[in-house]
Amino acid sequence: MKYVLVTGGVVSGLGKGVTASSVGVVLKACGLRVTSIKIDPYLNTDAGTMSPFEHGEVFVLDDGGEVDLDLGNYERFLDVRLTKNNNITTGKIYQSVLEKERKGDYLGKTVQVVPHITDAIKNWIESVAVIPVDGKEGPADVCVIELGGTVGPDNFCLIHVSLIPVLGVVGEQKTKPTQHSVRELRALGLTPHLLACRSAQPLLENTKEKLSQFCHVPNQNAHHSILKQLNLLSIAAPPNLQAWTKRAETYDNLKNSVRIAMVGKYVGLADSYLSVVKNIMYYINSPLSSVSQALLHACIACSLKPSIDWIAASDLEDESAKLTPKDHAAAWETLRNAECVLVPGGFGDRGVGGMILAAKYARENNIPYLGICLGMQISVIEFARSVLGLKRANSNEFDSETPNPVVIFMPEGSRTHMGSTMRLGSRRTLFQTPDCVTSKLYGDYFYIPVDQSGGSYGHKVIIPPFGAAFCPATCRQLVDLRYRNAEYVDERHRHRYEVNPEAIGVLEEAGLKFVGKDETGKRMEILELYSLSVVCHVTKLDLKFFCFLRYPQILELPSHPFYVGVQFHPEFKSRPGRPSALFLGLILAATKQLEAYLNTHQNGC
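Report on the accompanying structure. (Residues numbered from 1 in each chain as written. Predicted model: local features only at pLDDT ≥ 70, side-chain atom pairs only at ≥ 80, totals over all residues. Heavy atoms only, no water.)

**Digging into the sheet that holds strand β15 (residues 393-395)**
Part 1 of the reasoning: Read from one edge to the other, the open sheet built from three strands follows the order β15-β16-β22, with strand pairing classed as mixed. With one partner strand each, in any of the chains shown, β15 and β22 (497-499) form the two edges of the open sheet. On average, each strand axis in the sheet is tilted by 25° relative to the strand beside it, whichever way the strands run.
Part 2 of the reasoning: Note: β15 against strand β16 (residues 404-409), three bridges, orientation parallel. Bridge assignment links Ala393 to a residue of β16, and that residue is Asn404.
Part 3 of the reasoning: Contacts from helix α16 (residues 374-386) reach β15, β16 and β22, with the element oriented near 165° to β15. (Pairing = 2+ DSSP bridges. Helix = DSSP H or I, 4+ residues; strand = E, 2+ residues; numbered from the N terminus. Axes fitted to C-alpha atoms, helices over the stretch in contact; angles between N-to-C directions. Contact = heavy atoms within 4.5 Å.)

Here it is as structure tokens:
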């Protein structure tokens, strides 16, 4: 196994994760198999209980691991599926060592940082690095580690990420901070083989020469240097980065944009970024980076630039009109100018009232809406209040005494422990009807060899976002392409609360259809708002939940272009060039292309 170690210096937030991911992309483009490990210094055993304001987004893996957001970058850049063991923390290491000590594995020896903790780190890295993450047999060729330890000289390459500030009116690039950072690294016994320098401007030749001279790092081609240091030049192919180059060029040449209102809790950090919708690094560093990147993937597939307007949900509330009238007016102006609305996940009751108002605005004004996790629960609460007349309908999370709990605490959840006690990881959702919008969006093309007429569906093929018309002519001649709506979908979850099963009947009668359920059929996973005119009869007094609704109500629901809520997090599996189906549907609906897109797929090539 070969190792590439990425460290950072001068200041935090320079982009070590992006550097590590980019190195992995280049090595993968050379025909090498790559895996990744992130090592964090904190004592938490995982990122699950950490605030997004302090640590950034919590990324969820298939196995339920709640990990650092950089692992999300690794998965998206490298198109791999990592495990929770790919995120090492100081807490995990100490926990594993102490468990061994309690079992007597150290045979009575005094347990110390050296050698027991250091050996545990090395053993963890070596064991995780050989686990395949790309769906193929056998270990990867290279493991890219952000932070971490060292191994033998022929199997190890150290890349140090540093800052080159630009000072003065003449824009002089200063190398002293990087020189000092490298000197401190050497004092720890580590000598960098490459420098990855971040600066406001491209590095000048004299700056590169000065860094090379004083930091003792050769100024040469990056991927060639890495391969040479790892002794992989003989087996690596020239890098093929055509797909990534095309994506970058496509993004740079986009002219039109779509305005997206993101209504949530964790927007304070986002507001501190300059030119947030123009800087691509923002989509990677924000506290909702997976949602932002999923929107980016979907927009690029539709040849659009995302113009995200962050709205603090609390600014939409009536109380805000009294306390901060300017913020209140600006928030509503932004919402009214949006072409679609997205309410992402979150915890706690702060801003819930504003989210409910945003969901109501989108429903009543035919604005495309996507609610994720909490966003789905918000749409259920709003619908119960506004359409069913249950004015006190709420979630037990926000009001434990509500007489109408449309969202409840999951029976298997823990009320005493926070970490790793939610419903986590990849779970299967079964579609209840093949004709729902979500099932159509998740559908796939299949091909049947032309000489096997009437045969069963063949292999799955990857089709560009706007259908088989973009496939090569030879592809269409050799096969009979057919489209099939999805019967199920596997997506990642992270929640403690769920829609109350006792409320489903009345909600569905009124037009809020739950088109996706878990494998037990009791847990609601996907909802869609249907165009229905119904009479809602709720007269059974033995139903405690709706006991005071004694009279029929006539509910007129207009047609809606896209109103979808999901309990899972589709953003975690979105990839560049392969956007999440639901994010794609939201953007298509916002630009009035969804109906044509679905018709094209349903009618074939």
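Next, the rest of the story.
**Looking at the packing of aromatic side chains**
Part 1 of the reasoning: Taken as a whole, this structure holds six aromatic pairs when the rule is applied.
Part 2 of the reasoning: Their ring planes at 25° and their centres at 5.7 Å tell us that Phe77 and Trp244 sit as a pair that is stacked. With Phe77 in helix α3 (residues 69-78) and Trp244 in helix α9 (residues 242-252), this residue pair connects regions lying 167 residues apart in the sequence.
Part 3 of the reasoning: Given a relative accessible area of 29%, Trp244 falls into the partly exposed group.
Part 4 of the reasoning: Note on Phe409 and Tyr497: the rings are 5.3 Å apart at their centroids and 80° apart in plane angle, and the pair reads as edge-to-face. Placement of the pair is Phe409 in strand β16 and Tyr497 in strand β22, with a sequence separation of 88 residues.
Part 5 of the reasoning: We note Lys305 situated over the ring of Tyr251; from NZ or CZ to the ring centre the distance is 5.1 Å.
Part 6 of the reasoning: Over the ring of Tyr488 we find Arg428, and its NZ or CZ is 3.8 Å from the ring centre. (Phe/Tyr/Trp six-rings, centres within 6.5 Å; stacked < 30°, edge-to-face > 60°. Buried < 20%, exposed > 50% of the residue type's maximum accessible area, 1.4 Å probe, protein only. Lys NZ or Arg CZ within 6 Å of the ring centre and 35° of its normal.)

**Some details on the sheet that holds strand β5 (residues 87-89)**
Part 1 of the reasoning: A sheet is described by the order of its strands in space; here six strands give the open sequence β5-β2-β6-β1-β7-β10, paired in parallel fashion. Two strands lie at the open edges of the sheet, namely β5 and β10 (194-198), each paired on one side alone. Here the average twist between neighbouring strands, direction ignored, is 20°.
Part 2 of the reasoning: Strand direction decides the pairing type here: strand β2 (residues 34-40) and β5, joined by three bridges, are parallel. Within β5, the position partnered with Asp40 by the bridge is Thr89.
Part 3 of the reasoning: On top of the sheet, helix α8 (residues 222-229) reaches β1 (2-8), β7 (156-163) and β10; it is set at about 145° to β7, its chief contact.

**Regarding the side chain of Thr19**
Part 1 of the reasoning: Assignment of secondary structure puts Thr19 in helix α1 (residues 16-29).
Part 2 of the reasoning: Setting aside residues up to four positions removed in sequence, Thr19 forms contacts with Val6, Ile159, Val161 and Ala196.

**Things to note about α16**
The α-helix advances 3.6 residues per turn, and as a result positions three or four apart in sequence lie on the same side.
Part 1 of the reasoning: An ideal rise of 1.5 Å per residue puts 18 Å on 13 residues; α16 measures up with 18 Å between its terminal C-alpha atoms.
Part 2 of the reasoning: Among the 13 residues of α16, 11 are classified as buried, and the element is accordingly described as predominantly covered.
Part 3 of the reasoning: If you check which residues of α16 are buried, you get Leu374, Gly375, Met376, Gln377, Ile378, Ser379, Val380, Ile381, Glu382, Phe383 and Ala384. (Expected span 1.5 Å × (residues − 1).)

**A closer look at the side chain of Ser290**
Part 1 of the reasoning: Structurally, Ser290 is set in helix α12 (residues 289-301).
Part 2 of the reasoning: You can call Ser290 buried: its relative accessible area is 0%.
Part 3 of the reasoning: For Ser290, the side chain forms a polar contact with the side chain of Arg76, separated by 3.2 Å.
Part 4 of the reasoning: Residues within four places of Ser290 in sequence aside, it is in contact with Glu57, Phe59, Arg76, Glu571 and Phe572. (Polar contact = N/O pair within 3.5 Å; in protein donor to acceptor, adjacent residues only side chain to side chain.)

**As for the pattern of salt bridges**
Part 1 of the reasoning: Within the structure shown, the criterion is met by 22 salt bridges.
Part 2 of the reasoning: Here Lys38 ties to Asp68 by a salt bridge, and the two come within 3.1 Å at their closest N and O atoms. Of this pair, Lys38 sits in strand β2 while Asp68 is found in strand β4 (residues 66-68), placing the two residues 30 residues apart along the sequence.
Part 3 of the reasoning: A residue is classified by how much of its surface remains accessible, and Lys38, at 4% relative accessible area, is buried. (Salt bridge = Lys/Arg side-chain N within 4 Å of Asp/Glu carboxyl O.)

**Examining α8**
Part 1 of the reasoning: Turning to α8, its buried residues number three or more, namely Ser225, Ile226 and Leu227.
Part 2 of the reasoning: Two residues or fewer past α8, Asn231 is found with a positive phi of approximately 60°.

**Observations regarding the packing of helix α14 (residues 325-337) against helix α15 (residues 352-364)**
Part 1 of the reasoning: Following both chains from N to C, one finds α14 and α15 inclined at 35°, their axes separated by 11 Å at the closest point. Along this stretch, α14 crosses α15, giving a crossing that reads as right-handed. Contacts between α14 and α15 involve Trp332, Leu335 and Arg336 from the former and Leu357, Ala358 and Tyr361 from the latter.
Part 2 of the reasoning: Tallied by class, the residues present in the contact of α14 with α15 amount to five nonpolar, no polar and one charged. (Left-handed = near helix turned anticlockwise from the far one by under 90°. Nonpolar A, V, L, I, M, F, W, Y, C, P; charged D, E, K, R; others polar.)

Remember that the coordinates give geometry; whether it matters functionally is a separate question.
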